[in-house]
Amino acid sequence: MLSLYRNAFGGLSRQVWLLALVMLINRSGTMVVAFLTLYLTQKLHFSITEAGFVMGIYGIGSICGTFMGGRLTDKVGYYPVQFWSLLLGGIVFLILVHVENYFVFCGSVFFLSALGEAYRPANTASIADFSTPETFTRSVSLIRLAINIGWSIGPAIGGFLASRDYTLLFWADGITNVGAAILVFSFLRTTRRKKAAKKADAHEISQKDSVYSDRPYLIFLVLTTLYAMAFFQLFTIGPLFYKQVCKLSEMQIGYILGINGLIVAFVEMILIYKIEGKFEKLYLISLGAGLVVINYVVFLLSHDYMWLIVGIIFATFSEIFAMPFMNAFSIERSKPHNRGQYSGLHSMTWSIAQVSAPLIGTQTIAFLGFDTLWFVLGSFGLISSLGFIWMKRLL
């Protein structure tokens, strides 16, 4: 078992491990977003409607940030985009703690989200440069592992800090962002490609090279968005379903959601190591998209606690099969000089899903009920699964 783990994590470049460390620090400090609604209503005394509008602006900022981050990555390179995204984002956190005016807060949140999300396409592009085709998917999985651990640590620390003073969340997020920027500056700036080499492959992107002329990739993005909308509902509307319909306690809900993180942490790298290169990526993505449907079938047929655990296990393996290979497919479709565009649009699909999924979910529940929502989301997963198979045949 130890040998298997060593092989799964072995062969990755030093820079990829540094990127994972940066991501771990950055995501461990992501506390404000988790408690932002409470901060707005409890500390600043905004109405629930106003708080919801702020969260909507945050989502719009994330979409704009991923798009601009991809464009800037192609123009100036992934190192400056990552560095300035982290540094300026940290500064905005430290400024935001002093903002109490509603309209100024809305504008600040937009810039905060845009700066933070600009990091994602630049990060993906840098992983491609620091990996070989054989290790890229495992490199992406290592970054995802860092994100999962960070998301586990962050809210736990955030809850401790929020119980004492909400403003401590902003200081923690700001300091961790600046710390991550210092790591990028210290260890990654020396890895930038030489200007001559960059100039050779950074020619003006012709219409033929534009991501918008790659029709199969645009279809891929639509299918990815459908899958992402189906998957994200598990963590936005899922807990509400567990509580109101299944009558689970908060501790039981925590156990179900915690299973997802544990399986990803202990299984994903090994599984990717064993199957990478042995199967077509689009087939694996299709399998992953199909597995999320099983969770919604469980939601429709049973509210039993053990069956709900079975459902989340299938959903977790859906994530493991789909997400790393989606990143790998996106990079394979790109070229060095337009990789930022491809990564930016791929990141945008997840931002769009994050914004739209709660809105669609809550409105569907309000008018048609939970079962209708599960049927719709299961259909999204099934359509995307079949769509990826069709894409493979098309290509």
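It should be emphasised that the depicted structure is a prediction, and the values quoted were computed from it without experimental measurement.

Peer 1: Break down the environment of I256 for me, citing the residues and quoting the values.
Peer 2: Mapped onto the elements, I256 comes out in helix α12 (residues 250–275). By relative accessible area, I256 is classed as buried at 0%. Sequence separation between I256 and G311 is 55 residues, and the spatial gap between their C-alpha atoms is 9.5 Å. Beyond its immediate sequence surroundings of up to four residues, I256 is in contact with Y242, L248, Y305, L308, I309 and I312.

Peer 1: Tell me what's going on with helix α2 (residues 14–28), and back it up with residues and numbers.
Peer 2: Here α2 spans 21 Å end to end across 15 residues, near enough to the 21 Å set by a 1.5 Å rise per residue. Buried within α2 are the following residues: Q15, V16, L18, L19, A20, V22, M23, N26, R27 and S28.

Peer 1: Which residues make up the nonpolar core, and what values do they have?
Peer 2: As a rule of thumb, soluble globular proteins bury nonpolar side chains together. If you look at the biggest cluster of nonpolar residues, it comprises 61 residues, and the most contacted ones within it are F220, Y227, Y242, L308, W374 and F388. Elements supplying a minimum of two residues to this core: α10 (215–236), α11 (238–244), α12, α13 (281–301), α14 (305–333), α15 (339–368) and α16 (370–394). With 12 residues, α10 is the largest single contributor of residues to this core. With residues up to four places along the chain from it excluded, the contact list for L308 reads F241, Y242, C246, L248, I256, V298, F299, S302 and H303. The next biggest cluster of nonpolar side chains, apart from the first, holds 32 residues, and it includes Y78, F83, V184 and M269.

Peer 1: Let's hear about a nonpolar patch on the surface: which residues, and what values?
Peer 2: A cluster of nonpolar side chains, contributed by F67, M68, L72, V76, Y212 and L218, occupies part of the molecular surface with about 490 Å² of accessible area. Broken down by element, the nonpolar patch gets its largest block of residues, four residues, from helix α4 (residues 48–76).

Peer 1: Go over the packing of α2 against helix α8 (residues 167–187), please, and point to the residues and values.
Peer 2: Where α2 contacts α8, the two axes come as close as 8 Å, and the packing angle between them is 170°. Looking at the two axes, α2 sits roughly antiparallel to α8. Both α2 and α8 take part in a crossing whose hand is left-handed. For the pair α2 and α8, contact is made by R14, L18, L21, V22, I25 and N26 and by T176, N177, A180, L183, V184 and F187, respectively. Among the residues forming the contact of α2 with α8, the class breakdown is eight nonpolar, three polar and one charged.

Peer 1: So what about the pattern of salt bridges? Which residues, and what values?
Peer 2: Overall, the coordinates contain four salt bridges when judged by the stated rule. With a closest N to O distance of 2.8 Å, R120 and E117 form a salt bridge. Placement of both R120 and E117 in helix α6 (residues 102–129) is noted, with a separation of three residues, approximately one turn of the helix. By relative accessible area, which is 9% here, E117 ends up buried. Between E280 and K392 there is a salt bridge; the shortest N-O distance is 3.2 Å. Highlighted residues: E280 in the loop between α12 and α13 and K392 in helix α16, separated in sequence by 112 residues.

Peer 1: Describe the packing of aromatic side chains, listing the residues and the values that go with them.
Peer 2: The final tally for this structure, using the stated rule, is 24 aromatic pairs. Between F232 and W350, the ring centres sit 5.8 Å apart and the planes meet at 85°, which makes this aromatic pair edge-to-face. Note that F232 is positioned in helix α10 and W350 in helix α15, a separation of 118 residues in sequence. Its relative accessible area of 17% is what places F232 among the buried residues. Classification of W350 as buried rests on a relative accessible area of 8%. Between the aromatic rings of F241 and W374, the centroid separation amounts to 5.0 Å while the plane-to-plane angle is 85°, which identifies the pairing as edge-to-face.

Peer 1: Can you lay out the environment of G65 for me, pointing to particular residues and giving the numbers?
Peer 2: Tracing the chain through its elements places G65 in helix α4. Residue G65 is classed as buried on the basis of its relative accessible area, which comes to 2%. Along the sequence, G65 and L94 sit 29 residues apart, while their C-alpha atoms lie 19 Å from each other. Discounting residues that sit within four places of it in the chain, G65 has contacts with A114, E117 and A118.

Peer 1: Please set out the side chain of N177 residue by residue, giving values where relevant.
Peer 2: Mapped onto the elements, N177 comes out in helix α8. When its relative accessible area of 8% is taken as the criterion, N177 is described as buried. The contact partners of N177, leaving out residues within four places of it in the chain, are N26, L86, G89, G90 and F93.

About the criteria used
- Residues numbered from 1 in each chain as written.
- Predicted model: local features only at pLDDT ≥ 70, side-chain atom pairs only at ≥ 80, totals over all residues.
- Heavy atoms only, no water.
- Helix = DSSP H or I, 4+ residues; strand = E, 2+ residues; numbered from the N terminus.
- Buried < 20%, exposed > 50% of the residue type's maximum accessible area, 1.4 Å probe, protein only.
- Contact = heavy atoms within 4.5 Å.
- Expected span 1.5 Å × (residues − 1).
- Core = buried A, V, L, I, M, F, W, Y, C linked by side-chain atoms within 4.5 Å.
- Patch = residues over 30% accessible without salt bridge, like charges linked within 9 Å, V, L, I, M, F, W, Y side chains within 5 Å.
- Areas by Shrake-Rupley, 256 points an atom, 1.4 Å probe, with all protein chains shown as cover.
- Salt bridge = Lys/Arg side-chain N within 4 Å of Asp/Glu carboxyl O.
- Axes fitted to C-alpha atoms, helices over the stretch in contact; angles between N-to-C directions.
- Parallel < 35°, antiparallel > 145°, perpendicular 65-115°, else oblique.
- Left-handed = near helix turned anticlockwise from the far one by under 90°.
- Nonpolar A, V, L, I, M, F, W, Y, C, P; charged D, E, K, R; others polar.
- Phe/Tyr/Trp six-rings, centres within 6.5 Å; stacked < 30°, edge-to-face > 60°.

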